Amino acid sequence: MRVLLGALLIFIFFANSLIAEDNFPLIPKATGKPHPEGNEFIRINHMDLLRHDRDLVVKEGIRNIDNSLAQCVTCHVVRDENNEPVTYESEEYFCRVCHDYVAVKLDCFTCHNSVPSAEVSISLFRDENAPFERLMAYLEEKDNDR
Amino acid sequence: MTDKSTNRADIQRRNFLKSGALLMSFSLASGVNLMIMNSGANAQANAKIRWGLLIDANKCSPECDACIRACANEHGWENNGKLTDPQWIRKVKLKNKQTGREVSLPLMCQHCEFPPCVDVCPTGASFKRKDGIVLVDRHICIGCRYCMMACPYKARSFVHEKINNQKTTTPRGKGTVEACNLCVHKLDRGDGITACAQACENSGNGAIIFGNLNDKNSKISRALANYPSVELRDDLGLNLAVRYQNI
């Protein structure tokens, strides 16, 4: 019995070290401003935010949303030794670092480009006249619709 | 279930934004541009608008393929002559066997008011936007190709091969159906013209007019009011947004 308990303690000790922080994926640092909602919120909700915004864009044509996939890949770009952005094919790609760890496959990048495009800043976000006021007005309008 | 969770995320974010309004206006005042401030043009799909094209076959030169190249360049598709390559827009030659008159015209999705592709789509991926643009939501397209069978104009293509390095503004991928989207990203950001119409104008032919069919004063509406035009296969009663002259 004592031996069994000892073995169990040793096992727990090693199991603990196995899931120590060192073994968690090393999340690449992003460029750009931090998420106003906080990283924890984004980690838990990013898939819902993306799905929600994709429907707004595709169905309603509302593109003045705060989080687009193009914006994600722009800030979360990972560069290789030649300073070239790595694509989703690479294991070092931002999304893959965690998604590989938890074995969740994502298929965004079968259609979407996984590296930032030089045209993003001009083509998606051209009109910057009072975007904040417009965003708030839009949110108010949506609230009234409810 | 999905709806519920997205709504919750939506509400949480909205509340957050509201509570952070003061902070953000402060950032704005001090000249710092937050990521969230980088919002784009506000030209969402508007039910009062119906976008359309008017194509004058007399002005369309048989040798010219400026519209096709412009479309391919804008959306990042390539047609190298393989049967499986996509064709968002193509040149069609019509010949009257009796008189021998030949005309050449560009043919693309006709953006029907009553689109057969939307009728047959089993998943709801084919849909018509409020402003009359017929689109494929590739997120839910399963690649069954019913819409391609249903389309009287053969306007849709299926992506057979894996695609890399897509345009950011036009995501495309293997296993989904695609067609002319009337440069929806350009319209949403307020350009007010499609790539093909722009290219046709630049080439000097000026055969393609793009505009709002619901606006009586737009160039396209005035042209339609003053000169005869036809819909292709108007016997089907689909009320097309693309009309032709002199064919």
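Our structure is the block above this text.
Residues numbered from 1 in each chain as written. Chains lettered and ligands numbered in written order. Predicted model: local features only at pLDDT ≥ 70, side-chain atom pairs only at ≥ 80, totals over all residues.

S.K.: What am I meant to see in the overall build of chain A here?
M.R.: Looking only at helices and strands, chain A features six helices and zero strands. From first element to last, N terminus to C terminus, chain A shows the α and β order α-α-α-α-α-α. Counting only residues that meet the buried cut, chain A has 20% of its 146 residues in that class. (Helix = DSSP H or I, 4+ residues; strand = E, 2+ residues; numbered from the N terminus. Buried ≥ 20, exposed ≤ 12 C-beta atoms within 10 Å, placed from the backbone.)

S.K.: What is the right way to look at the environment of B:Cys71 in this model?
M.R.: Residues and elements named next belong to chain B. With respect to the secondary-structure elements, Cys71 resides in helix H3 (residues 66–75). Judged by C-beta crowding, with 24 C-beta atoms within 10 Å, Cys71 ranks as buried. The sequence separation of Cys71 and Arg156 amounts to 85 residues, and the corresponding C-alpha distance is 14 Å. Discounting residues that sit within four places of it in the chain, Cys71 has contacts with Trp88, Ile89, Ala195 and Cys196. (Contact = placed C-beta atoms within 7 Å.)

S.K.: Would you mind going over the sheet that holds strand E9 (residues 242–245) of chain B with me for this structure?
M.R.: Paired through backbone hydrogen bonds, the strands of a sheet run either parallel or antiparallel to each other. All names here are of chain B. The strand order across the open sheet built from three strands is E8-E1-E9, with neighbouring strands paired in mixed fashion. Of all the strands in the sheet, the pair left with one neighbour each is strand E8 (208–212) and E9. Neighbour to neighbour, the strand axes of the sheet diverge by 20 degrees on average, direction disregarded. Looking at chain direction, strand E1 (residues 51–56) and E8 are connected through five bridges and run antiparallel. Within the sheet, the bridge partner assigned to Trp51 lies in E8 and is Asn212. Its contacts with the sheet place helix H7 (residues 195–203) against E1 and E8, and it is angled at close to 135 degrees to E8. Sitting on the sheet, helix H8 (residues 219–226) touches E1, E8 and E9, and the angle it makes with E8 is about 110 degrees. (Pairing = 2+ DSSP bridges. Axes fitted to C-alpha atoms, helices over the stretch in contact; angles between N-to-C directions.)

S.K.: Even after reading the chapter, I still don't get unusual backbone geometry, so can you show me in this structure?
M.R.: Residues other than glycine predominantly adopt negative phi, and peptide bonds predominantly adopt the trans conformation. The phi torsion at A:Ala103 lies on the positive side, around 55 degrees, for a residue other than glycine. Within the secondary structure, A:Ala103 sits in the loop between helix H4 (94–101) and helix H5 (120–123). Positive phi outside glycine occurs at B:Asn165, with the angle close to 60 degrees. Within the element layout of this structure, B:Asn165 appears in the loop between strand E6 (157–158) and strand E7 (177–178). Using a count of 10 C-beta atoms within 10 Å as the deciding quantity, one classes B:Asn165 as exposed.

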